[in-house]
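In case you want the letters, here they are:
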Amino acid sequence: MEGLINAIVLFSNFVLIPGMAYGSQLALGALGVTLIYSILRFANFAHGDLMAFGTMFVILITWWLQSIGVGIDPLPTALLALPFGMAAAIAISLLSDRFVYRFYRRNKSPAVIFVIVSIGVMFLMNGLVRVIIGPNDREFGDGARFLIKAREFKEATGLNEGLALKLSQGLTIAVTFVVVIALFWFLQKSRTGKAMRAYSDNEDLALLSGVSPDRVVIVAWVIAGSLATIAGTLYGLDKSFKPFTYFQLLLPIFAAAIVGGIGHPVGAVVGGYVIAFSEVTVTYAYKKFLIYIVPESWEPESLVQLLSTEYKFAVSFVILVVVLLVRPTGIFKGKVL
Amino acid sequence: MKHVKTIKTTLMASVAAFGLTMGSAMADDAKVGIILGFTGPIESLTPDMAASAELALKEASDSGILLGGTTLTPVRGDSTCIDSAAATSAAERLITSDGVVAIMGADCSGVTTAIANNTAVPNGVVMVSPSATSPALTTIEDNGYFFRTAPSDARQGEVLADVLTDRGIMEIAITYTNNDYGKGLSDAFQAAYEAKGGSVLVVAAHEDGKADYSAEVAALAAAGADHLAVFGYVDQGGKGIIQTSLDTGAFDSFVLADGMIGESLIESIGPDLNGTIGTLPGSESQESADFVSYAQDNGLAGDCPFCGESYDAAALIALAMQAAGSTDREAIQAQIMNVANAPGTPIGPGNLAEGLQILADGGEVDYVGATSVELTDVGEAAGSYKELEVQDGAFVTMQVR
C-alpha cells in the first residue's frame, strides 16, 4: 500500500504538477492564437514574441516596484505589474493592427500573406525585446517560493518520496482557471462576446446584423494581448524569462491550438494540456515509479523511458503532423488551416 | 579643457607607442601569434588572457637577453571560440602573411583542433594553448607541434573519480552540457569512476539556454542515485538543473566540474548548495600567488581564469626560442619540452630574465611558471586540481590533487 502511495506522490511530483502548470501556460497561449485565428482569420506567428513583449514590461515594472519597496509578499510583485504589461502588449497589438494588418485586411489579402506579415511583425517585436531588455535570462520572481516543500512533505508524511508545489505552479493553475472561466463567460454571455462569435462564424451575416467589424477586431487584440502577457508572465515566474525561449514556445502553442481544433476556445485549453502531458509523460523515466508498484521480481533494469529528454520538442511536432494528417480539424472540430 | 588635454595625452602616447613598435620592427624582431576568442562566448575572459601572454613576451623582450636583444611582438588573431572556419583563416593570416614564429592559443577546444589540423601543424608552427581542455586533443596528429598548459579533462575526470570514491560515493547520476566539453568530460569521468568500482546509474545530456529542466531532472531522478554530477556551465543549463533538482527534491547533493564553479551559483541557489563538492584546475602554490602579485604590479588582474596558463604558454615560447638560439619554427618546437620539464634551474613567474640568462650561458632550465608547468609525453600539462566544497556559502579548498 505504501508503495502505491509513494508511486502516486512520485508521479504527481514529476509529471502531474509540472504537466498541469506547463499545460496551463500553453492553454493561455493557445487561446490567444485561436482567438486571433477565428476573428482575423490568420495564424499569428508573432504571438510568442507578443508574450515576450508583455512579459518584458511586467519585468521592468516589477523591478521598479521592487526598487521602491512596493510588494505583496508572499505573492510575487509581478502580479501587481501585470496590468501594466497587459496594457503595453495591447498597445503594441493595436498599433501593429492599425499600421500593418489593417492595410492587408482592407485589401482582402489571402491568409498566407497575413501569415508572412505576422512573421515580419514577429521579427520586429523580437528585435524590440532584445534591444530593450537584452537576450539573456532575467530573474523577476520574488515572494514565497513554495506552497509545499519536498523535504517538509517527506517529514510530515513519512513517505520516501517528496512532493513539491511551487507557488508559481499553484498560481499558474489558479490564474488559468479564473481567466478561462471569465473568457468563456464573456464569449457566451456578453453582447460583445456574442458579436465576436457571430463575426467568427460568418463575417457577412454578422455585418448585416449590425456588428461593427472594427470593434470586434479591437476587442480580439485586447484579449489576445492580455492573454499573451498573462501566459508569458506565469511562464517566466514558473521557469525563467529569456526572449528566445518565448519564441520557441510558438511550436507547442500552435500544436495545442491545432490539436484542440483551431478557432475553438475549448479546444485550445484541452490542446494545451494534451501537448504538455504528452511531452512530460513520453520523456519521463518510469523506472522508480514501476519499482514501487510491481513485485520485486519484475523490477525493470532500464530506465523505462520512451524518448530521451532531448526530443521533448519533437513530441509536439509529431503530434502536430499526426493530427494534420489524420484529423485536420482537431479534437473539437475547429477550422481547417 | 580637461578633456582636450586627456585626448592630447592619449594621442601623444599612442603616437609614441606607434613609433616604438615601428622602431623595434626595424631592429631584430620576431612575431608571436596570440589567437584567442576576442569575440564570442568567452569574450569576457580573453582580454585578460591575451594581456597575460603579452606580459610574458614583453618581459622576455625587455630583458635584452633574448637572442641578443630580439624583441617579441604579439600579433592578435580572433579565434571566435566557436567558428572553426574563421579561426582557421585568422591563423592562416598570422602564419603566412605576418610570419609568426609560434602561436600562443587557441582557446576553445573545437577551434584549437581546427587550427592545429588545418594550418599550424601542416605549416610546422608550434601552438601552445592555455585553455583547450578536450581529451580529444591528446590524440590528434600533431607531429609534436601542439602543446597546452591547461590539463586535459581526462585528468579532471580521474581527479573527480578519486574525490568521490575517497568520500565513499559509489553511485551517481551524470548530466552534461551537450557539446565537446561536456561530452568529453562526462566520458572521461565515467571511465575513471567505473574503473574505481563506482557505478553510473544514468547519463543524460542537457541543452543550454532552456527555461525548463523539469523533464531532464525527472529522468535523472528516476535512476535512483542520491548524487548528481553536473558538467555544464554556471550561468547556463547547469544552474537550471540544480535549481530544479532542489525544487522537486530530486537531488540535494551535487558534484561539479570546473565549468560550474562560480560565485554566481552560490548567490542564486543559496544555502541549499552547502555540501556540494567540485574540482577546479589550479593549485595554491607559491608560484600562483607570485604570479597574481606580479601581474597586479603590471596592471593586470592576475587571478583571472586561465591567465596563469596564458602567461606560461607565452613564456614557454620565449624560453624555447632562447634555448634553440634562433627564431626558426622547427627549432622552437624541438626545445619546448626541454625548457618546460626537469632537469634544470626552476624558473618562476616574473623571472624570465634569469631563465634566459641561464640558457644563454648554455645551462638548462625547468620552467615552473604560474601554474607549476610540467608537460606529459604528449605535450600537455599534467595538471593539479583543487578539491572544493561549499561550506557556509563559499567554495573552500579541501586539498590539491
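Fair warning: this is a prediction, and the values are worked out from it, not measured in the lab.

A.B. asks: What am I meant to see in the overall build of chain B here?
C.D. replies: Counting its secondary structure elements, chain B contains 13 helices and 15 strands. Taking 21 Å as the expected radius of gyration for a compact globule of 401 residues, we find that chain B reaches 22 Å, a close match to that expectation. Overall size of chain B, expressed as C-alpha extent along the three principal axes, is 70 × 60 × 40 Å. Burial statistics for chain B: of 401 residues in total, 55% are counted as buried.

A.B. asks: I keep staring at the sheet that holds strand β3 (residues 102–105) of chain B and nothing clicks. Help me out?
C.D. replies: Two modes of strand pairing occur in sheets, parallel and antiparallel, and in both the strands are linked by backbone hydrogen bonds. Residues and elements named next belong to chain B. In space, the six strands of this open sheet follow the order β2-β1-β3-β4-β5-β13, with parallel pairing throughout. Where the open sheet ends on each side, the last strands, each with one partner, are β2 (71–78) and β13 (380–381). Both strand β4 (residues 126–129) and strand β5 (residues 146–151) contribute to a ladder of three bridges, which runs parallel. Opposite Val128, over in β5, you have Phe147 as the bridge partner.

A.B. asks: Looking at this model, I keep getting lost on the confidence of the model for chain B. Mind explaining?
C.D. replies: Predicted coordinates in regions of low pLDDT should not be interpreted in detail. Residues and elements named next belong to chain B. The share of residues in chain B with pLDDT of 70 or more is 93%, and the mean pLDDT across the chain is 85. Between residues 15–27, whose pLDDT stays under 50, and residues either more than four places distant or in other chains, the model counts five contacts. Among the prediction metrics, the complex's ipTM stands at 0.79, with pTM recorded as 0.76.

A.B. asks: Help me out: how do you make sense of the interface of chain B and chain A in this one?
C.D. replies: Frequently, the measure chosen for interface size is the accessible area that the parts lose on association. Every contact between the two is made by 20 residues of chain B and, on the other side, 25 residues of chain A. Broken down by secondary-structure element, the contributors of at least two residues to the side of chain B that touches chain A are β7 (199–206), α7 (214–222) and α8 (237–248) of chain B. Here the side of chain B that touches chain A takes seven residues from α7 of chain B, the largest share from any one element. By residue class, the composition of the side of chain B that touches chain A is ten nonpolar, five polar and five charged.

A.B. asks: For this particular structure, what's the right way to read the sheet that holds strand β8 (residues 227–231) of chain B?
C.D. replies: Residues and elements named next belong to chain B. A sheet is described by the order of its strands in space; here seven strands give the open sequence β7-β6-β8-β9-β10-β14-β15, paired in mixed fashion. Two strands close off the open sheet at either side, each with one partner strand: β7 and β15 (394–400). Taken pair by pair, the neighbouring strands of this sheet meet at an average axis angle of 25°, ignoring direction. Both β8 and strand β9 (residues 253–256) contribute to a ladder of four bridges, which runs parallel. Looking at β9, one finds that Leu228 is bridged to Phe254. Where helix α5 (residues 153–166) meets the sheet, its contacts fall on β6 (171–177), β9, β10 (277–281) and β14 (385–391), and the angle it forms with β10 comes to roughly 150°. With respect to the sheet, α8 is in contact with β6, β7, β8 and β9, its orientation differing from that of β8 by roughly 165°.

A.B. asks: What should I look at first to understand the domain arrangement of chain B in this one?
C.D. replies: All names here are of chain B. Assigned domains within chain B: domain 1 (29–151 + 285–381) and domain 2 (169–274). The gap between the C-alpha centroids of domain 1 and domain 2 is 33 Å. Contacts between the two partners involve five residues from domain 1 and, on the opposite side, four residues from domain 2. Across the side of domain 1 that touches domain 2, the residue classes break down as two nonpolar, three polar and no charged.

A.B. asks: Where do I start with the nonpolar core in this structure?
C.D. replies: Within the largest apolar cluster, 145 residues are counted, with the highest numbers of intra-cluster contacts made by Ala220 and Ala256 of chain A together with Leu220 of chain B. Residue contacts for Ala256 of chain A: discarding those within four places in its chain leaves Leu26, Ala27, Ala30, Ala268, Gly271, Gly272 and Ile275 of chain A. Formed by 79 residues, the second largest nonpolar core is a distinct cluster that contains Ile65, Ala102, Ala324 and Leu375 of chain B.

A.B. asks: I tried to follow the pairing of β3 of chain B on my own but got confused; where do I start?
C.D. replies: The two faces of the sheet receive side chains in turn, since in a regular strand these alternate between them. Residue and element names in this part refer to chain B. Where strand β1 (residues 29–36) lies against β3, four bridges are found, and the strand directions are parallel. Paired with Val32 across the bridge in β3 is Ala102. Judged from the three bridges that link them, β3 and β4 form a sheet pairing that is parallel. In the strand pairing of β4, Ile103 is matched with Met127. On the question of chirality, the crossover connecting β3 to the parallel β4 by way of helix α4 (residues 109–123) is right-handed.

A.B. asks: Would you mind showing me how to read the environment of Val217 of chain B here?
C.D. replies: Residue and element names in this part refer to chain B. Checked against the element boundaries, Val217 lands in helix α7. Using a count of 29 C-beta atoms within 10 Å as the deciding quantity, one classes Val217 as buried. Along the primary structure Val217 and Glu263 are separated by 46 residues, whereas in three dimensions their C-alpha atoms are 23 Å apart.

A.B. asks: Looking at this model, I keep getting lost on the packing of helix α1 (residues 2–40) of chain A against helix α9 (residues 213–238) of chain A. Mind explaining?
C.D. replies: To characterise two packed helices, one gives the angle between the axes of the helices and the distance between these axes. Residue and element names in this part refer to chain A. Contact geometry of α1 with α9 gives a least axis separation of 9 Å together with a crossing angle of 165°. As far as their axial angle goes, α9 and α1 are roughly antiparallel. Here α1 runs over α9; the crossing is left-handed. Within the contact between the two elements, α1 uses Ala21, Gln25, Leu28, Gly29, Leu31, Gly32, Leu35, Ile36, Ile39 and Leu40 and α9 uses Val216, Val217, Ala220, Ile223, Ala224, Leu227, Ala228, Ile230, Ala231, Leu234, Tyr235 and Asp238. Here the residues of the contact of α1 with α9 sort into 18 nonpolar, three polar and one charged.

A.B. asks: Honestly, α1 of chain A in this entry has me stumped. Any pointers?
C.D. replies: Residues lying three or four places apart along an α-helix face the same way, a consequence of the helix completing one turn every 3.6 residues. Residue and element names in this part refer to chain A. Between its first and last C-alpha atoms α1 spans 54 Å; for 39 residues at 1.5 Å apiece the expected length is 57 Å, and the two agree. Within α1, the axis deviates most sharply at Ser12, by approximately 50°. Across the 39 residues that make up α1, a large majority, 29, are buried. Count one or two residues on from α1 and you reach Arg41, which has phi positive near 65°.

What counts as what
- Residues numbered from 1 in each chain as written.
- Chains lettered and ligands numbered in written order.
- Predicted model: local features only at pLDDT ≥ 70, side-chain atom pairs only at ≥ 80, totals over all residues.
- Helix = DSSP H or I, 4+ residues; strand = E, 2+ residues; numbered from the N terminus.
- Rg over C-alpha atoms; globule rule 2.2 N^0.38 Å.
- Buried ≥ 20, exposed ≤ 12 C-beta atoms within 10 Å, placed from the backbone.
- Pairing = 2+ DSSP bridges.
- pLDDT = per-residue confidence, 0-100.
- Contact = placed C-beta atoms within 7 Å.
- Nonpolar A, V, L, I, M, F, W, Y, C, P; charged D, E, K, R; others polar.
- Axes fitted to C-alpha atoms, helices over the stretch in contact; angles between N-to-C directions.
- Domains from an automatic or database assignment.
- Core = buried A, V, L, I, M, F, W, Y, C linked by C-beta atoms within 7 Å.
- Right-handed = clockwise from strand over helix to strand, strands pointing away.
- Parallel < 35°, antiparallel > 145°, perpendicular 65-115°, else oblique.
- Left-handed = near helix turned anticlockwise from the far one by under 90°.
- Expected span 1.5 Å × (residues − 1).
- Bend = angle between axes of the 7 residues up to and from the residue.

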